[in-house]
Amino acid sequence: MNLLTRRHLLVAGLGVGSAALAGCSDNSATSPVTPAPATPSAGQKLVQKTVVAKPVTVDLGGPRYATWAYGDSAPGAVLRATAGDFLRITLDNQLPADTSIHWHGIRLNNTADGVPGMTQDPVPSGGKHVYEFTAPDPGTYFFHPHVGVQLDRALYAPLIIDDPQEPGKYDAEWVVVLDDWLDGTGQTPDGVLAKLIADGGTGPSMGGMDHGSHGMGGTQPWGDAGDVTYPHFLINGRVPDAPEVFTAKPGQRIRLRIINAASDTIFTVALGGHRMTLTHTDGFPVVSQEVGAFYIGMGERFDAVVTLGDGVFPLVARPFGKMDGGQALALVKTGAGQAPGRDVSPAELSGEVLMGSQLQPADSARLPGKGVDATEQLTLEGSMKPYQWGMNGAKFGENKPLTVKSGQRLRLNVMNMTMMTHPLHLHGHTFALPSGLRKDTVLLAPMQSMAIDLDADNVGDWAVHCHNIYHAEAGMMIALKYVA
């Protein structure tokens, strides 16, 4: 399709989407519903921890950079609990800036969601804040700030919620955290955002596209896949020249919990010489699917099991759509063998790559059978010139909130009206794709439409946003508000 024609189509579509929103939404009842605070029930296990956010110098396996982190490392230490536990987590903010913690993917009470201006006041420098919530669902999650572009530092850590009913048919579990890194390399995330905005200059208004100057524009399936050039890609805070080494014995069955904590990068993941069986996405079980490689978007999580061969194998996370080279690398060592180099290219990366939305849900993960009670339209728009991103015709704070009543099943008819891929993330809920697959973060390809359903069973004001942190901070977010 001619890009100029597509630009005009997108600009026209922006008005259509806004009109459709006005036509389909019943916003006559606008009285907000106030969520109740969380309190532990009798006999509920209490998990308590303090998370310290502070300036540190992290060692990425040779390169050392000044940054902000949870504790002394990137990523922060794993926080672990069991489904049904009550968590009481204190954030000790020793940063020179306001911050917060968002518990990504957890269906928690609204007051603990960690979105300043929506669910709490920001935690000031030198201040503390206590988050209290029950973790209802087992799965692989993580936590990070919801202030500015702080995620693109070292402010992220895994949150693992164990399933007391899970049989555990594996010999070991490895948590694998992917990241793109630039902080302290002569750049900061705030500086990068400022430059993106400044370089945007003048150009078509929101809805127009201008992405031909970077990435792999037009390459399927994701089109343009990011805005930022990164000097490093990491697995568990290590560069490829000094990779994390996972050790095991040949024949052992390993559970991988893979988290994409990156801010601007979709990865293609493969373990050289192996096929993995995907078992969960975003915490929910799927019909087991054997793959050689799969895509993982920013904010997504996948669990997989793999039976290991004998030798030394590369676990590779290759940035999708970025031509500047580099990849993330870890090693799996079960026996003798030569360690592969930093630029190793497993054959699995050249084969079929699974998109997470192609997975099928396990029956236990499906939403209960019920009709749709309400419908809202949600369009994703934006441009590089000027650097503006938004939803439903405007940036966050200027767009009209989505509304829902408690107990309704809400259908969001989502349309990505841009030439970039966006990981759409919903706070406080999970949603079902048309297949029934349960997610809280889903990749939407350029010009892709998707109907997603959610049950309005968690009262409050919630964020819906792109999990490319630069897009979100530039305005690609909207509120979902419960009304009476």
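Everything that follows concerns the structure shown earlier in this document.
Residue numbers here run from 1 along each chain, matching the order of that chain's written sequence. In keeping with the model being predicted, local features are shown solely for residues with a pLDDT of at least 70 and side-chain atom pairs are shown and tallied solely at 80 or more, while totals for entire chains, interfaces and linings include all residues. Side-chain numbers here rest on the full set of heavy atoms in the structure, without hydrogens or water.

S.K.: Which parts of the structure should I look at to understand the overall build of the protein chain?
M.R.: Along the protein chain, the regular secondary structure elements total three helices and 31 strands. Exposure categories follow from relative accessible area, calculated using a 1.4 Å probe and restricted to protein chains: below 20% of the type maximum is buried, above 50% is exposed, and the middle band is partly exposed. Counting every position in the protein chain, which comprises 484 residues, the buried fraction comes to 59%. Contacts are assigned to residue pairs that have any heavy atoms within 4.5 Å of one another. Put simply, of all contacts in the protein chain between residues at least 6 apart along the chain, 78% involve residues at least 24 apart. Residue-level accessible areas treat just the shown protein chains as cover; the underlying method is Shrake-Rupley with a 1.4 Å probe. Entry remark: accessible area of the protein chain is about 17,600 Å², with carbon and sulfur atoms responsible for 51%. Helix and strand assignments follow DSSP, with helices taken as H or I runs no shorter than four residues and strands as E runs no shorter than two, numbered in order from the N terminus.

S.K.: Can you walk me through the pattern of salt bridges in this structure?
M.R.: Close approach of charged atoms allows side chains of opposite charge to pair. Should a side-chain nitrogen of Lys or Arg be within 4 Å of a carboxyl oxygen of Asp or Glu, the pair is scored as a salt bridge. The tally for this structure, following the rule as stated, stands at 28 salt bridges. For the salt bridge of Arg257 with Asp303, the shortest nitrogen-to-oxygen distance reads 3.5 Å. In this pair, Arg257 sits in strand β12 (residues 253-260) while Asp303 sits in strand β17 (residues 301-307), placing the two residues 46 residues apart along the sequence. Here Asp303 falls in the buried class, since its relative accessible area comes to 3%. Put simply, Asp453 and Arg411 hold a salt bridge, and the shortest N to O gap is 2.8 Å. Taken together, the residues Asp453 in strand β29 (residues 449-455) and Arg411 in strand β24 (residues 409-416) connect sequence positions 42 residues apart.

S.K.: Teacher, can you tell me more about the sheet that holds strand β14 (residues 276-281) here?
M.R.: Through backbone hydrogen bonds, the strands of a sheet pair up, either in parallel or in antiparallel fashion. One open sheet accounts for six strands, arranged β10-β9-β12-β17-β14-β15; its pairing is mixed. Of all strands in the sheet, those with a lone pairing partner are β10 (232-235) and β15 (284-291), marking the two edges. Across the sheet, the mean angle separating the axes of adjacent strands is 20° when strand polarity is ignored. Two strands form a pair only when DSSP identifies at least two bridges running between them. Where strand β9 (residues 172-181) lies against β12, seven bridges are found, and the strand directions are parallel. Bridge pairing in β12 places Trp174 opposite Leu256. Convention adopted: a line fitted to C-alpha atoms gives each axis, helices being fitted over their contacting stretch, and angles between N-to-C directions are expressed from 0 to 180 degrees.

S.K.: Even after reading the chapter, I still don't get the pairing of strand β28 (residues 441-444), so can you show me in this structure?
M.R.: Residues in a regular strand point their side chains to alternate faces of the sheet. Residues Thr441 and Leu443 line one face of β28 and the alternating positions Val442 and Leu444 line the opposite face, and both faces are buried. Looking at chain direction, strand β25 (residues 422-426) and β28 are connected through four bridges and run antiparallel. Among the inter-strand pairings, His425 is bridged to a residue of β28, identified as Thr441.

S.K.: How do you make sense of the environment of Ala374 when you look at a structure like this?
M.R.: Looking at the element boundaries, Ala374 is found in strand β21 (residues 374-383). For the pair Ala374 and Leu412, spaced 38 residues apart in the sequence, the C-alpha separation amounts to 8.8 Å. With near-sequence residues (within four places) excluded, Ala374 lies in contact with Gln408, Arg409, Leu410 and Arg411.

S.K.: What's the story with the packing of aromatic side chains in this structure? I'm lost.
M.R.: Where two aromatic rings form a pair, the distance of their centres and the angle of their planes describe that pair. Aromatic pairing here means that ring centres of Phe, Tyr or Trp (its six-membered ring) are within 6.5 Å. Orientation follows from the plane angle: under 30 degrees is stacked, over 60 is edge-to-face, and everything else is tilted. With the rule as written, the count across this model stands at ten aromatic pairs. The interplanar angle of 75° and the centroid separation of 5.7 Å between the aromatic rings of Trp103 and Tyr131 together place this pair among those described as edge-to-face. Of this pair, Trp103 sits in strand β5 (residues 102-104) while Tyr131 sits in strand β6 (residues 128-134), placing them 28 residues apart in sequence. Looking at Tyr131, the relative accessible area reads 1%, which means it is buried.

S.K.: How should I be thinking about the sheet that holds strand β31 (residues 477-483) in this particular structure?
M.R.: The strand order across the open sheet built from five strands is β23-β31-β30-β25-β28, with neighbouring strands paired in mixed fashion. Two strands in the sheet have a free side with no partner beyond their single neighbour: β23 (402-405) and β28. Averaged over all pairs of adjacent strands, the angle between strand axes in this sheet comes to 20°, irrespective of strand direction.

S.K.: Would you mind going over the environment of Asn392 with me for this structure?
M.R.: Tracing the sequence through the fold places Asn392 in the loop between β22 (388-391) and β23. Whenever a nitrogen or oxygen atom comes within 3.5 Å of another N or O atom, the pair is scored as a polar contact, on the condition that within protein one atom can donate a hydrogen and the other can accept it, and that pairs from neighbouring residues in sequence are kept only if both atoms are in side chains. At a separation of 2.8 Å, a polar atom in the side chain of Asn392 contacts the main-chain amide nitrogen of Thr379.

S.K.: Can you help me understand the nonpolar core in this one?
M.R.: When a protein is soluble and globular, its nonpolar side chains tend to lie buried together. Each nonpolar core is a collection of buried residues, namely Ala, Val, Leu, Ile, Met, Phe, Trp, Tyr and Cys, held together in the definition by side-chain atoms within 4.5 Å. Within the largest apolar cluster, 119 residues are counted, with the highest numbers of intra-cluster contacts made by Trp103, Phe294 and Tyr470. Setting aside chain neighbours within four positions, we find Tyr470 in contact with Val149, Asp152, Leu182, Pro189, Val192, Leu193, Leu196, Val228, Tyr230, Ser263, Asp264 and Tyr387.

S.K.: I'm lost on unusual backbone geometry in this one. Help?
M.R.: Most of the time, phi is negative for any residue but glycine, and the peptide bond is trans. In this structure, the amide linkage connecting Ala74 to the following residue, Pro75, adopts the cis form with an omega of -5°. By the secondary structure assignment, Pro75 is in the loop between β2 (64-70) and β3 (79-82). Here the residue pair Lys385 and Pro386 is connected by a cis peptide bond, since its omega of -5° sits within 30 degrees of zero. Here Pro386 shows up in the loop between β21 and β22. The phi dihedral of Asn236 is positive, around 50°, even though this residue is not glycine. Assignment of secondary structure puts Asn236 in the loop between β10 and β11 (245-247). Unlike most non-glycine residues, Asn392 shows phi in positive territory, near 55°. The exposure class of Asn392 is buried, given its relative accessible area of 7%.

S.K.: Looking at this structure, how should I read the side chain of Thr334?
M.R.: Tracing the backbone through its elements, the reader meets Thr334 in the loop between β19 (328-333) and β20 (353-354). You can call Thr334 buried: its relative accessible area is 11%. A polar side-chain atom of Thr334 sits 2.6 Å from the main-chain carbonyl oxygen of Gly309. Contact partners of Thr334, with chain neighbours within four places excluded, come to Ala248, Lys249, Pro250, Leu308, Gly309, Asp310, Gly311 and Phe313.

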